[in-house]
Amino acid sequence: MEQGTQTLKSGLAQMLKGGVIMDVVTPEHAKIAEAAGACAVMALERVPADIRAQGGVARMSDPTIISAIIEAVSIPVMAKCRIGHFVEAQVLEALGVDYIDESEVLTPADENHHVWKHDFKVPFVCGCRDLGEALRRISEGAAMIRTKGEAGTGNIVEAVRHMRAVQDGIRKLQNMPEDELPAEAKNLGAPIELVREVHRTGKLPVVNFAAGGIATPADAALMMQLGAEGVFVGSGIFKSSDPAKRAGAIVRATTHFRDARLIAEVSRGLGEAMPGLDIKAIPKEELLAPRGW
Amino acid sequence: MALRIGVLALQGAFAEHVVMLGRLGVDPVEVRLPPQLSGLDALIIPGGESTSISLLMSEYGFLAPVENMAKSGFPVWGTCAGLIVLSRLTPGSYPHTMQVMDIEVKRNAFGRQVDSFETDLHIPGLGPDAFHGIFIRAPRISKVGAAVDVLCKLPDGEPVAARQGKLLCCSFHPELGNDTRFHRYFVDMVTTST
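Everything numeric in this text was worked out from a predicted model, so none of it was measured.

Caption draft 1: Region of the structure containing the layout of surface pockets. The volume enclosed by the largest pocket comes to roughly 1100 Å³. Forming the boundary of the largest pocket are 37 residues, of which Gln14(A), Lys17(A), Lys203(A), Glu229(A) and Glu16(B) lie nearest the centre. Of all elements in the fold, only helix H1 (6-16), helix H7 (157-174), helix H9 (192-201), strand S8 (207-209) and helix H10 (217-225) of chain A together with helix H1 (14-23) of chain B reach the threshold of two or more residues within the lining of the largest pocket. Looking at which element gives the most residues to the lining of the largest pocket, the answer is H1(B), with six residues. When grouped by side-chain class, the residues that make up the lining of the largest pocket number 14 nonpolar, 13 polar and ten charged. Looking at the lining of the second largest pocket, its residues break down into five nonpolar, three polar and four charged.

Structure follows, in structure tokens:
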């Protein structure tokens, strides 16, 4: 019998596909998310919009909150550690979380090195802005990838940019002659073995979700049509005026992402979406996506 | 004419089943709404999150038609979350299931993700070679009725795959990996009359 293998780590992400992973800050939120059809929840102290508004150093959540959320629901529970903070990751593994998000939403603990994720039994998801970043995280042991987007803005533009960049990178590799792959690996800053694998298969070796700025059912379906295999919704649900209704609508739009009539139906009367932010209005040093490499 | 086997595509690892069926020369159909059930020879309910899948099945009106089809001899195979949907849950647990197989299931009974495991299984119906079983936050089959044949057990005697007439279930994931024998077993079950 084997445990903690790459098959089991990436396999759980495969089971989450076609689903919505929702940020929650209380057990009550977690139950609302589960009842709305979320395939997993992300246990947090503060949603990204509040982290952005309050500033300061954002760290791993209090274990009390994470444990209470684990107790409250039967679906998988994820939690975030800071980039490079392998002890926060060890703590989250000890708490029994099902997935760790090594997240740019928290303040990085290491500006040079991400967590060496192969050392863990628990699987990790990491953010990326393009194919090179995705493959660097996978080489460190990430078993699932998501776009970074720009968390806490309710603005989908960065997630779209990142998803298109990943897909463009994959298409480019697929059509490249084999003798040009080493130079492209150098351009991407990614290991040649993974570059060859993507060239051969035409897809990432792990599941790829969308995250960062999803606020409406149409946003979720947009990301799915662009090639995401599922979505994370952070502030978009519990910063809206009717979280339960919006959560359910985003789940349904993610399942039926090519069915515009159905997306129209679930989008009716959802109340106010979260207030959004124009990315250009955010000072450069306050952007989250450039954290990590 | 090729068999048409539907894969319920509401949430979870449905694409993996579609690939496996394609390798066996079957015509796979992704099923997202009940009208797509018509004209199928069989249905697979994939692994995924059983709460999400059963909630969406209930909301989009799948439960009654699939239950009626299953009771009238239509072949259905549930893997992991799909097994939960076909079974009866231990009392007091969420979500609601179809209860068409006479087995009782406890969700996440092997533990959390760090307790997930892979192990070689011996399944007499698949020939002498071991079948690699991938168990991810797997449910546990806690009770088996008289009409149910257990197809495979863990070394400690725990049942992990079972069949009742044309209904098939397993608590692991034959859709992950490259071994198509379990899918072949289901296809053979669909094509034979007994």
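Caption draft 2: Broad picture of the interface of chain A and chain B. Taken together, the 41 residues of chain A in the interface contact 37 residues of chain B. Carbon and sulfur atoms supply 54% of the area that chain A and chain B bury against each other, a total of about 3000 Å² over both sides. Of all residues in chain A, the largest losses of buried area upon contact with chain B belong to Leu8(A), Met15(A) and Arg252(A), amounting jointly to 22% of the total for that side. Where chain A meets chain B, there are four salt bridges. Between the two partners, chain A and chain B, sit 23 residue pairs in polar contact (both at pLDDT 80 or more). Counting residues per element, the ones that place at least two in the side of chain A that touches chain B are strand S1 (2-3), H1, helix H2 (27-36), helix H12 (243-255) and helix H13 (260-267) of chain A. Ranked by residue count, the leading element in the side of chain A that touches chain B is H1(A), at eight residues. For the side of chain A that touches chain B, the residue count by class is 19 nonpolar, 13 polar and nine charged. Pairing of S1(A) with strand S7 (residues 117-121) of chain B involves two bridges; the strand directions are antiparallel. Within S7(B), the position partnered with Gln3(A) by the bridge is Phe117(B).

Caption draft 3: Region of the structure containing H10(A). Residues and elements named next belong to chain A. The complete set of buried residues in H10 reads Pro217, Asp219, Ala220, Ala221, Met223 and Met224. Where the residues of H10 are buried, they touch H7, strand S9 (231-233), H12 and H13. Once H10 finishes, Gly227 follows within two positions and takes phi at roughly 115 degrees, a positive value.

Reading the values: rules and limits
- Per-chain numbering applies: the sequence of each chain, read as written, is numbered from 1 onward.
- All chains are assigned letters beginning with A, and all ligands numbers beginning with 1, in the order in which they are written.
- Residue-level local features of this predicted model are given only where pLDDT is at least 70; pairs of side-chain atoms are given and counted only at 80 or more, and the full residue set underlies all totals for whole chains, interfaces and linings.
- Neither water nor hydrogens contribute to the side-chain values; these are computed over all heavy atoms in the structure.
- Think of a 1 Å grid over the protein atoms and nothing else: a 1.4 Å probe that fits but is trapped marks a cavity, an open set flanked by protein within 12 Å on at least five of seven lines marks a pocket, and residues with an atom within 4 Å of a point count as lining.
- Grid points are joined across faces, edges and corners, and a volume is the space filled by probe spheres set on the points.
- For the purposes of this entry, the term helix denotes a DSSP run of H or I that reaches at least four residues, the term strand denotes a run of E that reaches at least two, and both are numbered from the N terminus.
- Polar here means any residue outside two lists: the nonpolar Ala, Val, Leu, Ile, Met, Phe, Trp, Tyr, Cys and Pro, and the charged Asp, Glu, Lys and Arg; Gly therefore counts as polar.
- A contact between two residues is defined here by any heavy atoms of the two lying within 4.5 Å.
- Take the accessible area each of two parts loses on contact, using a 1.4 Å probe, and add the two losses: that sum is the buried area.
- The working definition used for a salt bridge is a side-chain nitrogen of Lys or Arg within 4 Å of a carboxyl oxygen of Asp or Glu.
- We define a polar contact as two N or O atoms separated by no more than 3.5 Å, with the added condition that, inside protein, one atom must be a possible hydrogen donor and the other a possible acceptor, whereas residues neighbouring each other in sequence contribute only through side-chain atom pairs.
- Strands are treated as partners if at least two bridges between them are detected by DSSP.
- The cut-offs for exposure are 20% and 50% of the maximum accessible area for each residue type, with area from a 1.4 Å probe on protein chains only; residues under the lower value are buried, those over the upper are exposed, and the others partly exposed.

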